[in-house]
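For reference, the chains in residue letters:
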Amino acid sequence: MPATIAVIHGPNLNMLGRREPSIYGHTTLAEIDAALSARADSAGLRLVSVQSNHEGVLIDFLQNEGWNAAGIIINPGALTHYGLALRDALAALSAPIIEVHLSNVYRREPFRHTSVVAPVATGQIAGLGWRGYLLALEWLIAELDASSP
Ligand code: DQA
């Protein structure tokens with residue numbers, strides 16, 4: 001069974017491509033997931049992904065897939081800023097967690113400058129658009145490769 005990378009997309013990210021494209025770009029979530037799957041395939045990894053507008057659905061997914069995953073990539077959407085139950089679900093996991101934001105949240109409204117997820121994440125990528133997800137996956141691939149015997 002290949003190692004699994006779990007990808008979590010939070011609220012409103014299903015609207016990518018149509019939602020405030022000047023901030024979030026024109027790439028759709030399906031296109032992002034397809035690019036991630038193609039890269040994971042080429043690295044011999046299994047990729048599972050979820051998008052939900054409901055925090056509990058994301059937590060259920062993490063409880064089902066996160067414990068066995070070799071790495072987690074998560075864009076929690078606005079839950080980044082207040083989703084304590086999601087944060088706790090992430091804190092329970094031992095795999096590396098990369099927090100991704102399409103936009104540079106630190107250049108935006110003050111409420112976006114706080115992430116309740118960042119303290120339980122391994123690292124964060126913000127402001128690099130859809131390529132941020134690919135860069136997160138690239139880091140996980142390199143890291144998994146380095147830790148394999
Ligand atoms: C976001 C930034 C969040 O502040 C916002 O609520 C989102 C998307 C990003 O990818 O830039 O939904 O996580």
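Structure's up top.
Report follows, based on the coordinates.

Some remarks on the site of the ligand
If you check the shell around the ligand, you find Arg 19, Tyr 24, Asn 75, Gly 77, Ala 78, His 81, His 101, Leu 102, Ser 103, Val 105 and Arg 112 and nothing else. Taking Leu 102, its main chain carries an N or O atom lying 2.8 Å from an oxygen atom of the ligand. Between the ligand and Arg 112 there is a distance of 2.8 Å, counted from an oxygen atom to a side-chain nitrogen or oxygen. Its free accessible area being 320 Å², the ligand has 99% of it covered by the protein chains. Class assignment for the residues of the shell around the ligand results in four nonpolar, five polar and two charged.

Focus: the sheet that holds strand β3 (residues 71-75)
Taken together, the five strands give an open sheet; going across it, the order is β2-β1-β3-β4-β5, and neighbouring strands pair in parallel fashion. Pairing within the sheet leaves two strands with one partner each, and these edge strands are β2 (46-51) and β5 (123-126). On average, each strand axis in the sheet is tilted by 15 degrees relative to the strand beside it, whichever way the strands run. Examined bridge by bridge, strand β4 (residues 97-101) and β5 share four bridges and lie parallel to one another. Note that in β5 the partner of Val 100 across the bridge is Ile 125.

Details of the packing of helix α2 (residues 29-42) against helix α5 (residues 131-147)
Contact geometry for α2 and α5: axes closest at 10 Å, N-to-C directions at 20 degrees. Relative to α5, the element α2 is oriented roughly parallel. For the pair α2 and α5, the crossing hand works out as right-handed. On α5, the residues touching Ile 32, Ala 35, Leu 36, Arg 39 and Ala 40 of α2 are Tyr 133, Leu 134, Leu 137, Glu 138 and Ile 141.

Remarks on helix α3 (residues 55-66)
Those residues of α3 that fall on the buried side of the exposure criterion are Leu 58, Ile 59, Phe 61, Leu 62 and Gly 66. All buried residues of α3 fall inside an arc of 160 degrees around its axis, so they share one side. Packed against the buried residues of α3 are β1 (4-9), β2, β3 and α4 (84-91).

Parameters and conventions
- Residues numbered from 1 in each chain as written.
- Predicted model: local features only at pLDDT ≥ 70, side-chain atom pairs only at ≥ 80, totals over all residues.
- Heavy atoms only, no water.
- Near = heavy atom within 4 Å.
- Polar contact = N/O pair within 3.5 Å; in protein donor to acceptor, adjacent residues only side chain to side chain.
- Areas by Shrake-Rupley, 256 points an atom, 1.4 Å probe, with all protein chains shown as cover.
- Nonpolar A, V, L, I, M, F, W, Y, C, P; charged D, E, K, R; others polar.
- Pairing = 2+ DSSP bridges.
- Helix = DSSP H or I, 4+ residues; strand = E, 2+ residues; numbered from the N terminus.
- Axes fitted to C-alpha atoms, helices over the stretch in contact; angles between N-to-C directions.
- Parallel < 35°, antiparallel > 145°, perpendicular 65-115°, else oblique.
- Left-handed = near helix turned anticlockwise from the far one by under 90°.
- Contact = heavy atoms within 4.5 Å.
- Buried < 20%, exposed > 50% of the residue type's maximum accessible area, 1.4 Å probe, protein only.
- Arc of directions from axis to C-beta.

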